[in-house]
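Chain by chain, the residues run as shown.
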Amino acid sequence: MSPSGEVLTSISSALAVALVLLACVELGDAAAAVGVYRLIQYDLAGAPLGSRAAALNHHAAALPLPAGADLSRSALVAPLLDLPLAFLREYLADKKHLGGLLILLPTNHTDDKGQVKGVLTELEKLLVHEQVSYPVYFAFHDDSFDNVLADIRKIASSGQPASATTGGYKLVVPSAEPRKVSSPTISNIQGWLPGLKGEGDTEQLPTIAIVANYDTFGAAPALSVGSDSNGSGVVALLEIARLFSRLYSNPKTRGKYNILFGLTSGGPYNYNGTSKWLRSFDQRVRESIDYAICLNSVGSWSNDLWMHVSKPPENPYIKQIFEEFSDVSKEMGVSVGIKHKKINVSNPRVAWEHEQFSRFRVTALTLSEMSSPPEFLESTGGLHDTRESTDVESVIRTVRLVSESLARHIYGLKGRNIDVFAENSSLAINPHYIRSWLDLLSQTPRVAPFLQKNDPFIEALRKELSGHTADVHVQNDALDGMFTFYDATKATLNVYQVASVTFDLLFLLVLGSYLIVLFCFLVITTRGVDDLINIFRRPPSSRKLKGA
Amino acid sequence: MTVFHFLNCAFLTFGPHVVYYSATPLSEYDTIGTSVKAAAVYLGTALVKLVCLATLLKVPENDSFDPYQELMKVFIGFIDVAGLYFALTQLTHRNISQNHKFQAVGLGWAFADSVLHRLAPLWIGARGLEFTWEYIFQGLEANANLVMTLSLAALGSLMWLRKNKPRTLVPIIYACALLLATMPSITSYLRRSLEWQTPKVVGFELFSSLIMAFISWQLFSACQRPM
């Protein structure tokens, strides 16, 4: 390479470095950059729902609004408890346009837990089923927002709405157009604990299935951690798998039942994953399932747990299972109720996971703290469903109830008061295990379309299950085409303090007069007053005017 | 709107230099060549200063005021004075009077300083959406710096170019020049050690620059008078 070529390359590389540095500097000059979580955007059977935009670039406005304020070019910042739902409902019903909406979620639920939960549930119900044409974001309400809010209110109280002429704050989310999530997958994870076949026992062993769906759905996909729905069920399932794997590891205590553990996905979408999972089984395997126990939302009950079935309670099978549960529950001092809901095959809505089993003519039941079936896309681990609303004790009680009654069923200990999983024994329930898994689940958003096939979380579940059971298998399948999801669930919000145009004009005026005064002063001191007058008398050269 | 702000700040930072050049007789005698040469000398001086700073100073771990390091900085700051000396005495200027020479050199010097230290931050920062007072203060600082550089150049030309000056004034001239040369260190002391806020520091700079300009002017005109 010639020397001049070398110089050129070095210059161009230096230029490139400078440009990269410039780009970096330009990105990080906001007053505050906050992580924000976008309202879900999805199409349900072609109907557009949720927030249909992601990019935000508007002046901030805060409640209370000045009378007659036009919000179509402002981003409304509202702490959750200050946001009147009636106001929002009116805006949604009238299809009035907002520049954007930023909802601040309280960070500590300690003061008014119940109220926050209620409002969040309402809000979620409102937003998820509506088409919102502007970007809606959620953020956690921290101290930095208090100052911003106070300032916005101060500006608003001066009577003028926020706009380019009054300065104030500008909220910017630089975001590209949200794109469709291409072919969302659902991953079902299963593991077996094979039972012990007696000698000469040629027939297949009966199977008991324990199932919990692990994915969530909520207004903000990146915040839908679903500790109770259905993180608690997943944790309970893992603990039951751990307990029975200890029993089954010893041939003497290996039962005459296979136990099948299933962590299913697609729960919020009418248990789509469960249906796909069941279909993937061989007919004989499906027929060998004696009954299935589905665990759903078992993390915050104190005294009453409900057993939901689709067969009438008089059915001998159901009766037997219910009796086993109630025996154990009586010993534990809690009550288990039974609720019967017929399934309607022509109705696409599947409210409970066990209904998918029932559609395949497999006896199944759901254990849940909810006494009535949830509506579509409700109680699926939304915004309010955080670690604080779930307690480890409830999960432990559920684990004890299920595993104790299962053990009595498997080992034929009916009517005998034997505590198989007594405390301080080697088979005791491990609260630390439950707590750590519950903590992990409460930090992992699990909306199925945003979980990749090889997501670390799915891998972690697979690994954990394979630690306890054999033949662990992950089944990947496509989510049924009724849903289309859009990405951009998380973004960074830049809050800029901006000056108004008026200020800039005023500044220019002051600056101009300063430079003119300076010019006159310098001319007078160095050349005399006559010169100054002369300058203005004869046609001044254009250069001098520019300088002034 | 933000480009507007950027232009405002740029006017504040570089306007006075242009105004000074066009308002004073400098423009009539076309001394731009001298100013450009002075700017070139400034660039060389800045390079030497950078090398010295890099070799002699440690990287400060915190933002505190370390007397030894600051003393070193003051000494390195005197390289500026050496540069000015070079620009005033060694450069072959066209035949212009001493009176205009120091102004042209001071102007070129201050303009180069502004371009080197203030243009890049201005370009990057003032165009952003976020509003801060920072760049307005920076522009005011550029103004103060222009006045101080001109004063220092005036005193320098008295020290090095004028042979017959009143004996009684010589110590005062040297003292003032020393004070002007240490001014950057003084402001850095105020900023870091006394933790003055930017508006206060800029106010001090403007005020002191005006005082120093007045003193230098008086000294200059005193020396101008026939003995």
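Parameters and conventions
- Residues numbered from 1 in each chain as written.
- Chains lettered and ligands numbered in written order.
- Predicted model: local features only at pLDDT ≥ 70, side-chain atom pairs only at ≥ 80, totals over all residues.
- Heavy atoms only, no water.
- Helix = DSSP H or I, 4+ residues; strand = E, 2+ residues; numbered from the N terminus.
- Buried < 20%, exposed > 50% of the residue type's maximum accessible area, 1.4 Å probe, protein only.
- Contact = heavy atoms within 4.5 Å.
- Areas by Shrake-Rupley, 256 points an atom, 1.4 Å probe, with all protein chains shown as cover.
- Arc of directions from axis to C-beta.
- Salt bridge = Lys/Arg side-chain N within 4 Å of Asp/Glu carboxyl O.
- Pairing = 2+ DSSP bridges.
- Axes fitted to C-alpha atoms, helices over the stretch in contact; angles between N-to-C directions.
- Right-handed = clockwise from strand over helix to strand, strands pointing away.

A short note on the overall build of chain B
Looking only at helices and strands, chain B features seven helices and zero strands. Ordering the α and β elements of chain B from the N terminus gives α-α-α-α-α-α-α. Across the 227 residues that make up chain B, the buried fraction comes to 52%. Of the contacts made within chain B by residues no fewer than 6 positions apart, 80% connect residues no fewer than 24 positions apart. Carbon and sulfur atoms provide 68% of the accessible area of chain B, an area that totals close to 11400 Å².

Quick notes on helix α2 (residues 85–93) of chain A
All names here are of chain A. Within the span of α2, buried status applies to Leu85, Phe87, Leu88, Tyr91 and Leu92. Burial along α2 is one-sided: seen end-on, the buried residues are contained in an arc of 155°. Along α2, the residues that are exposed and aim more than 90 degrees away from the buried face are Ala86 and Ala93. Taken together, the buried residues of α2 touch β5 (74–79), β6 (100–105), α3 (113–128) and β7 (131–132). Where α2 ends, the next residue or the one after it, Lys95, has phi of about 55°, a positive value.

Here we look at the pattern of salt bridges
Residue and element names in this part refer to chain A. Throughout the structure, instances matching the rule amount to 15 salt bridges over all chains. For Arg400, the salt bridge goes to Glu423, with nearest N and O atoms at 3.7 Å. Placement of Arg400 in helix α10 (residues 392–411) and of Glu423 in the loop between α10 and α11 (431–441) is noted, with a sequence separation of 23 residues between them. A salt bridge links Arg462 to Glu459; its shortest N-O distance comes to 3.0 Å.

Overview of the side chain of His100(B)
All names here are of chain B. Along the chain, His100 falls in helix α4 (residues 98–125). Classification of His100 as buried rests on a relative accessible area of 13%. Residue contacts for His100: discarding those within four places in its chain leaves Pro25, Leu26 and Tyr29.

Concerning the sheet that holds strand β4 (residues 56–62) of chain A
Each strand in a sheet pairs with its neighbour through backbone hydrogen bonds, running either in the same direction (parallel) or in the opposite one (antiparallel). Residue and element names in this part refer to chain A. If you trace the seven strands once around the closed barrel, you get β1-β8-β6-β5-β4-β9-β19, paired in mixed fashion. Within this sheet the neighbouring strands show an average axis-to-axis angle of 35°, counted without direction. Sheet topology note: the β4/β5 ladder contains four bridges and is parallel. The partner of Ala62 across the bridge, within β5, is Val77.

Thoughts on the sheet that holds strand β12 (residues 258–264) of chain A
Residues and elements named next belong to chain A. Pairing is mixed across the open sheet formed by eight strands, whose spatial order is β15-β14-β16-β13-β11-β12-β10-β17. Because the sheet does not close on itself, it has two edges, and the strands there are β15 (335–340) and β17 (470–478). Going across the sheet, the axis of each strand differs from the next one's by a mean of 20°, ignoring polarity. Judged from the seven bridges that link them, strand β11 (residues 207–213) and β12 form a sheet pairing that is parallel. When the bridges of β12 are listed, Ile210 appears paired with Phe261.

Overview of the pairing of β5(A)
Here is the key point about a regular strand: its side chains alternate between the two faces of the sheet. Residue and element names in this part refer to chain A. Across the six residues that make up β5, a large majority, six, are buried. The side-chain alternation of β5 yields two buried faces, one formed by Ser74, Leu76 and Ala78 and the other by Ala75, Val77 and Pro79. Sheet topology note: the β5/β6 ladder contains five bridges and is parallel. When the sheet's bridge partners are listed, Leu76 is paired in β6 with Leu101. In this fold, the crossover linking β5 to β6 by way of α2 has right-handed handedness.

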